[in-house]
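Given next are the chains, with one letter for each unit.
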2 protein chains.
Amino acid sequence: MTEATPERRRRQLPTAEELRIWRDFIETTGALNSQLTSRLQVESSLSPGDYAVLLALSEAPDQQMRSSELASHIGWERSRLSHHLGRMERRGLIRRQECPTVPRGAEVLLTPSGAEAFRRATVPHLRAIRELFVDALTPDQLRAAGEIAAALRAHLDQRGRGLTER
Amino acid sequence: MTEATPERRRRQLPTAEELRIWRDFIETTGALNSQLTSRLQVESSLSPGDYAVLLALSEAPDQQMRSSELASHIGWERSRLSHHLGRMERRGLIRRQECPTVPRGAEVLLTPSGAEAFRRATVPHLRAIRELFVDALTPDQLRAAGEIAAALRAHLDQRGRGLTER
DNA sequence: ACGTGGTGATTGACACGTCAATTCCGGGGG
DNA sequence: CCCCCGGAATTGACGTGTCAATCACCACGT
């Protein structure tokens, strides 16, 4: 594997074809994402972030959750969540209140209006996922997409440790 | 095609398995993206946007380009480019000057420092793409990824017309 | 010559993310 | 008692993106 010399230098960098696939892949997933985002926005006036928060709260017992629990549940940094909750609170989608048990702990809870917004958003959003993603692929491709995601994820989780920790 | 009733309702929404694949896929590509972004940032103090702009300018004759040409070349809205160029100009990576031929046209040009920053960034960035993307997949998976991207893109370009135009 | 409409580019307002402080508070040592 | 530590959450500063004005200037039509 530690091949001599002439190969070695070239192996470090992607070939033109690999690079083409990379660009296609990353640009297309980006475009897909922004299409979905904009449909969610138009149809429900929610951002993907709003949706993630509302989904988590909707599924929580009592429709409420500790802020840090929510953060780790949806995989966000606490600071990001804090900013986002601030914006959502201004729009009346959620409320925050002191947590009686934990010092300095904040309980996040769904308002009726937030629950309603989520309820109205969910079917159109799932439909959009079907239309823009699922319907675009053959069953084989869909399966392959799942495997590719798994492979990338595994590779990331392994390599990531060194730089980003987690 | 306009099937009776019981099928119809279900076909609209993704199944649990489809949804799982979707989430894996979109979250993983997002994570991949942010890993790459953070490596580029750490290694070269450039954002992906910076890199795209510098790449385009580097390849342009005379290392300069009309602003709107640049925008369409990298597929950005003009407003987005304008904001970004402002930030890049503050950091000395590019300069803007009046275009002699076209009224109100702006010429964007690479500064020596911008060219140098790009030169230093490119190899590490390509290496990161190989490490995080290409190396994670088998040759078959890589090919499949290309086909999936193509299929999604084609589907998007077709469906997109109705809502977003382009 | 004077509106009127384009086209090219910038601007402002605002949402979103990240990173680095900062605040609040509840324990231990000394 | 006081100080300092550490966890929970917020805040501020700033880069980034989008959308909707706005600006500058040309062409043109009557």
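Just above, that's the structure.
Model, not experiment: these values are computed from the prediction.

A count of helical and extended segments in chain A gives 7 helices and 3 strands. In chain A, the order of α-helices and β-strands from amino to carboxyl end is α-α-α-β-α-α-β-β-α-α. The buried share of chain A, reckoned over its 166 residues, is 24%. Within chain A, contacts between residues separated by at least 24 positions form 49% of all contacts whose residues are at least 6 apart in sequence.

Time to look at the sheet that holds strand β3 (residues 106-110) of chain A. Residues and elements named next belong to chain A. If you trace the 3 strands from one edge of the open sheet to the other, you get β1-β3-β2, paired in antiparallel fashion. The open sheet terminates on both sides in strands that have one partner only, identified here as β1 (64-66) and β2 (94-98). For this sheet, the mean angle separating the axes of adjacent strands, direction not counted, is 25°. Looking at chain direction, β1 and β3 are connected through 3 bridges and run antiparallel. The residue of β3 that forms the bridge with Arg 66 is Glu 107.

On to the relation of the copies chain B and chain A. The transform that puts chain B on chain A rotates by 180° and translates by 0.0 Å along the axis, for an RMSD of 0.1 Å. A rotation of that kind, with that shift, is consistent with a two-fold axis.

For the rest of this paragraph, the subject is the interface of chain B and chain A. Between chain B and chain A, the contact holds 45 residues from the first and 45 residues from the second. When residues of the side of chain B that touches chain A are traced back to their parent elements, those giving at least two are α2 (16-44), α6 (112-132) and α7 (139-163) of chain B. Examining the composition of the side of chain B that touches chain A, we find that 17 residues originate from one element, α7(B), more than from any other. Its residues placed into classes, the side of chain B that touches chain A shows 25 nonpolar, 11 polar and 9 charged.

Attention now goes to helix α3 (residues 48-59) of chain A. In a regular helix each residue adds 1.5 Å, so 12 residues correspond to 16 Å; α3(A) covers 17 Å between its end C-alpha atoms and thus fits that length. If you follow the buried residues of α3(A), they end up packed against β1, α4 (67-74), α5 (78-90), β2, β3 and α6 (112-132) of chain A.

Take unusual backbone geometry next. The phi angle at Ser45(A) is positive, at roughly 55°, despite the residue not being glycine. Turning to its location among the elements, Ser45(A) is positioned in the loop between α2 (16-44) and α3. Given 12 C-beta atoms within 10 Å, Ser45(A) falls into the exposed group. The phi dihedral of Asp62(B) falls on the positive side, at around 65°, and the residue is not glycine. Checked against the element boundaries, Asp62(B) lands in the loop between α3 (48-59) and β1 (64-66). Exposure remark for Asp62(B): the 9 C-beta atoms within 10 Å place this residue in the exposed category.

This part is about the sheet that holds strand β2 (residues 94-98) of chain B. Residue and element names in this part refer to chain B. Pairing within the open sheet is antiparallel, and its 3 strands lie in the order β1-β3-β2. The sheet is open, and its two edges are formed by β1 and β2, each paired on a single side. Between one strand axis and the next, the sheet turns by 25° as a mean value, whatever way the strands run. Where β2 and strand β3 (residues 106-110) come together, 5 bridges link them in antiparallel fashion. What sits directly across from Ile 94, in β3, is Leu 110. Packing against the sheet, helix α5 (residues 78-90) makes contact with β2 and β3, and its axis sits at approximately 115° to β2.

Bringing α6(B) into the picture now. Counted at 1.5 Å a residue, the expected span for α6(B) with its 21 residues is 30 Å, and the 30 Å between its end C-alpha atoms agrees. Among all positions in α6(B), only Gly114(B), Ala117(B), Phe118(B), His125(B), Ile129(B) and Leu132(B) are buried.

This brings us to the packing of α2(B) against α6(B). Residue and element names in this part refer to chain B. Taken N-terminus to C-terminus, the directions of α2 and α6 make an angle of 145°; their axes are 10 Å apart at the nearest point. Between α2 and α6 lies a crossing of right-handed hand. Between α2 and α6, the residues in contact are Leu 32, Gln 35, Leu 36, Arg 39, Leu 40, Glu 43 and Ser 44 and Ala 117, Arg 120, Ala 121, Pro 124, His 125, Ala 128, Ile 129 and Leu 132, respectively. Within the contact of α2 with α6, the residues separate by chemical class into 9 nonpolar, 3 polar and 3 charged.

How each quantity is defined
Residues numbered from 1 in each chain as written. Chains lettered and ligands numbered in written order. Predicted model: local features only at pLDDT ≥ 70, side-chain atom pairs only at ≥ 80, totals over all residues. Helix = DSSP H or I, 4+ residues; strand = E, 2+ residues; numbered from the N terminus. Buried ≥ 20, exposed ≤ 12 C-beta atoms within 10 Å, placed from the backbone. Contact = placed C-beta atoms within 7 Å. Pairing = 2+ DSSP bridges. Axes fitted to C-alpha atoms, helices over the stretch in contact; angles between N-to-C directions. Least-squares fit on C-alpha atoms with pLDDT ≥ 70 in both. Nonpolar A, V, L, I, M, F, W, Y, C, P; charged D, E, K, R; others polar. Expected span 1.5 Å × (residues − 1). Left-handed = near helix turned anticlockwise from the far one by under 90°.

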